[in-house]
Amino acid sequence: MKNLENQTKQAHSRGRSGLASFGLLLPGGGMLALLVAAPLILLIVASFCANDSFSGGFTLANYQQVFADGVFTSLMGKSVLMGLAVTLGCVLLAYPVAYGLAKLVSERARGSLIVLIIIPFFTSQLLLIYSMIVLLQGQGPLMSLLALFGADPSASILYTDAAVFLILLYEFLPYMVLCLYSAIAKIDDNQLRAAQTLGAGRVKRFTSVIFPKSLPGLLSGILLVFVPVTGSFVEPDLAGGSSGMMVGSLINSNFAAAYNLGRGAALSVLFLVILTAITLVINGLLRWAGRGRQRL
Amino acid sequence: MAKLCIEGVSKAFGEKQVLSDINLTAESGEFVALLGPSGCGKTTLLNTISGILRSDAGRVLVDGRDIGGLPVEKRNIGMVFQNYALFDHMSVGQNLAYGLKIRRESREEIRKKVSEALEMVRLPGTEKRRISSLSGGEQQRVALARAIILRPDILLLDEPLSALDKNIREQMQFEIKRIQKETGITTVFVTHDQGEALAMADKIAIMRGGEIVEEGKPQDIYVRPESYFAASFLGTNNLIRGTYDAAGRRMAAGELFLPLERRDFQDGQEVAAAIKEEYVHITKPGNGLSGVLTEKLFLGQLVRMKVSVAGHELKAVAMEKEARELLVGETVGVELEHIQAFAVQ
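Residues numbered from 1 in each chain as written. Chains lettered and ligands numbered in written order. Predicted model: local features only at pLDDT ≥ 70, side-chain atom pairs only at ≥ 80, totals over all residues.

**Thoughts on the overall build of chain A**
The helix and strand inventory of chain A stands at 12 helices and 0 strands. Expected size for 296 residues packed as a compact globule is a radius of gyration near 19 Å; at 25 Å, chain A overshoots this value by more than 25%. For chain A, the spread of C-alpha atoms along the three principal axes comes to 95 × 70 × 40 Å. By the burial criterion, 30% of the 296 residues in chain A qualify as buried. A separation threshold of at least 6 residues defines the contact pool for chain A, and within that pool the share at least 24 residues apart is 70%. (Helix = DSSP H or I, 4+ residues; strand = E, 2+ residues; numbered from the N terminus. Rg over C-alpha atoms; globule rule 2.2 N^0.38 Å. Buried ≥ 20, exposed ≤ 12 C-beta atoms within 10 Å, placed from the backbone. Contact = placed C-beta atoms within 7 Å.)

**Considering the sheet that holds strand β17 (residues 302–309) of chain B**
Residue and element names in this part refer to chain B. If you walk across this open sheet you meet the 5 strands as β15-β19-β16-β17-β18, and the pairing is antiparallel. Both edges of this open sheet fall to β15 (280–283) and β18 (312–319), since each of them pairs with a single strand only. Averaged over all adjacent pairs, the angle separating strand axes in this sheet is 45°, with direction ignored. The sheet contact formed by strand β16 (residues 289–298) and strand β19 (residues 331–336) spans 4 bridges and is antiparallel. Bridge pairing in β19 places G291 opposite V332. (Pairing = 2+ DSSP bridges. Axes fitted to C-alpha atoms, helices over the stretch in contact; angles between N-to-C directions.)

**Points about the UniProt feature "domain: ABC transporter" (unreviewed entry) in chain B**
In this structure's numbering, the residues bearing the UniProt feature "domain: ABC transporter" (unreviewed entry) are residues 4–234 of chain B. From the first C-alpha to the last, residues 4–234 of chain B spans 26 Å; its make-up is 36% helix and 26% strand. (UniProt positions renumbered as here; feature names shortened; annotations may be inferred.)

**Quick look at the interface of chain B and chain A**
Listed as interface residues are 21 residues of chain B and, on the opposing side, 17 residues of chain A. If you list the elements that add at least two residues to the side of chain B that touches chain A, you get β6 (77–80) and α2 (92–102) of chain B. For the side of chain B that touches chain A, the residue count by class is 12 nonpolar, 7 polar and 2 charged. (Nonpolar A, V, L, I, M, F, W, Y, C, P; charged D, E, K, R; others polar.)

**With respect to the environment of E255(B)**
Mapped onto the elements of the fold, E255(B) is located in the loop between β12 (250–253) and β13 (256–259). Beyond its immediate sequence surroundings of up to four residues, E255(B) is in contact with A310(B) and G311(B).

**What to know about the environment of Q139(A)**
Residue and element names in this part refer to chain A. Relative to the assigned elements, Q139 resides in the loop between α5 (125–136) and α6 (141–147). Residue Q139 is classed as exposed on the basis of its C-beta count, with 11 C-beta atoms lying within 10 Å. Through-space distance from the C-alpha of Q139 to that of L32 is 48 Å; in sequence the pair is 107 residues apart. In this structure Q139 touches S144, P153 and S154, once residues within four positions along its chain are discounted.

**A word on the UniProt feature "transmembrane region" (unreviewed entry) in chain A**
All names here are of chain A. UniProt tags residues 21–48, 80–101, 113–136, 156–184, 214–234 and 265–286 as "transmembrane region" (unreviewed entry). Its end C-alpha atoms 25 Å apart, residues 113–136 is made of 75% helix and 0% strand. Along residues 156–184 one finds 83% helix and 0% strand; the C-alpha atoms at either end are 38 Å apart.

**Some details on the UniProt feature "domain: ABC transmembrane type-1" (unreviewed entry) in chain A**
The UniProt entry lists residues 76–282 of chain A under the feature "domain: ABC transmembrane type-1" (unreviewed entry), expressed in the numbering used here. A helix fraction of 78% and a strand fraction of 0% characterise residues 76–282 of chain A, whose end C-alpha atoms lie 17 Å from each other.

**With respect to the pairing of strand β1 (residues 4–13) of chain B**
Residue and element names in this part refer to chain B. Sheet analysis places β1 next to strand β4 (residues 57–62), joined by 5 bridges and oriented antiparallel. Across the sheet, residue E7 finds its bridge partner in β4, namely R59. Here β1 folds back onto strand β2 (residues 16–26) in antiparallel fashion, the turn holding 2 residues, of which G14 has a positive phi close to 60°.

The structure is reproduced here in structure tokens:
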């Protein structure tokens, strides 16, 4: 009898805790459902609708139009290349910075250096872009400096893809640094020393310990940089010149200028699918590389 | 198999002198323990041997060859860290194979050596296990195997047993000692646990404040220490201060008079004596000095006691069956041996 009572008591408390955890999940889960899942579903539905009021019935016309003129394919290709280039640039620049920050500088210096890295986050994105434009423009500080070495001060890389690349690199580098920093800071110094006593030089220590152990940070850094860079449209519009357009600009113009909701939605869905696929491939490749280094 | 010589090694961190003019030799195949309280510089000394730290002055010689200028990875020195520092993103086998792969040994050779090394630390067939699935003692064995698999000239152990439970720790003392003898690798072992040092080492160097105070065989350094610090640091001691009485060849500490073996003191010189608790024998009244038993603590195999003698309270330890008859409050006889006396600076 007593046993039975205990069991029912347990069942009751389990029921209560189930209710409690549901209650606790509600704010977060509800927010995700409302702000992520619902808009995404709407977007997908809209991309298959014949007109903007969701009443025209199912159609593939939006997707057919997108592929008809080939603009999307070429812009998407260009954007992905830009995304990959900026991400790679960020990784190459951020690894030494993050390593130095995590392992080489003193505790006291680290705090202020991290603040310096975070400062750009306090500024509006537009301001960051304009400050870079001012820096890069003809007769600007950079060109005036280069003029001392015989360059033409009125020439500039502004309004080229190179300028867009530099601005994006500047904007997104902090994300990569912070992601890698937090991953590298967790690596035990003694593991690096152990690798060293076992004969590992700098390169081997990086490939066998630092790289595989910072992989989670690297992957989240790549996600935080690659996706927004590929979809960026403000930077190419402002600094890319007449031929600087990227796929983000195309999507933006469909929503904001042409008011073609269906085509904009179709473009967005395609963009999302392609980016997800590429990210998954990068993820897989890196994990494979991290493991491959350690095979017996 | 290599001889290790440390000559005049000094190291300072900023203003703080951590090592000053250290000289130490470990003969080929010898097991040397660096023993001292925390902050005495023993780990710093270990790190200057491994190359993790560069010394400010002095030389580190392996078989007469100065390795001071070499980076860590070129020194051929094995190290076991306090937290083991195993690569937890690799399997046991991958951890052991790590250094062999860097030396570009063949797959066959690597497989054979890894299996032999695991055999030696009594973990055969665990190549595929993940590090996180091992117990503390097993991780310790893997760390040891990883360090010796490369047959280093010198093996350095940095408090390798401090993270283990008491029982496993005692078992690992035997294991490490056995493996060290089997491989014959010259070993330097850092510890703050004197029991560990006494049990395992061929030679103990006692450190304090960045200096080696005394070195010698465990038995010698324990029974016949040459410095007051070593005498008072090793074992549980009764520390007594007094003055030397040249006529009576004894030291006077209030009402207590202790006969001394050492006689190179001046009359009236201030003297500090250390008597280990096991050399305070409590017997029937009438033998030796007269005292009163004030405390008795039953520890199972042993009994720990306190006895009041001429105004001094002395600690004593005896086998349980020897002390069974003694009662607290009774008058007892107290006999003292191995009184180590030193001049007070």
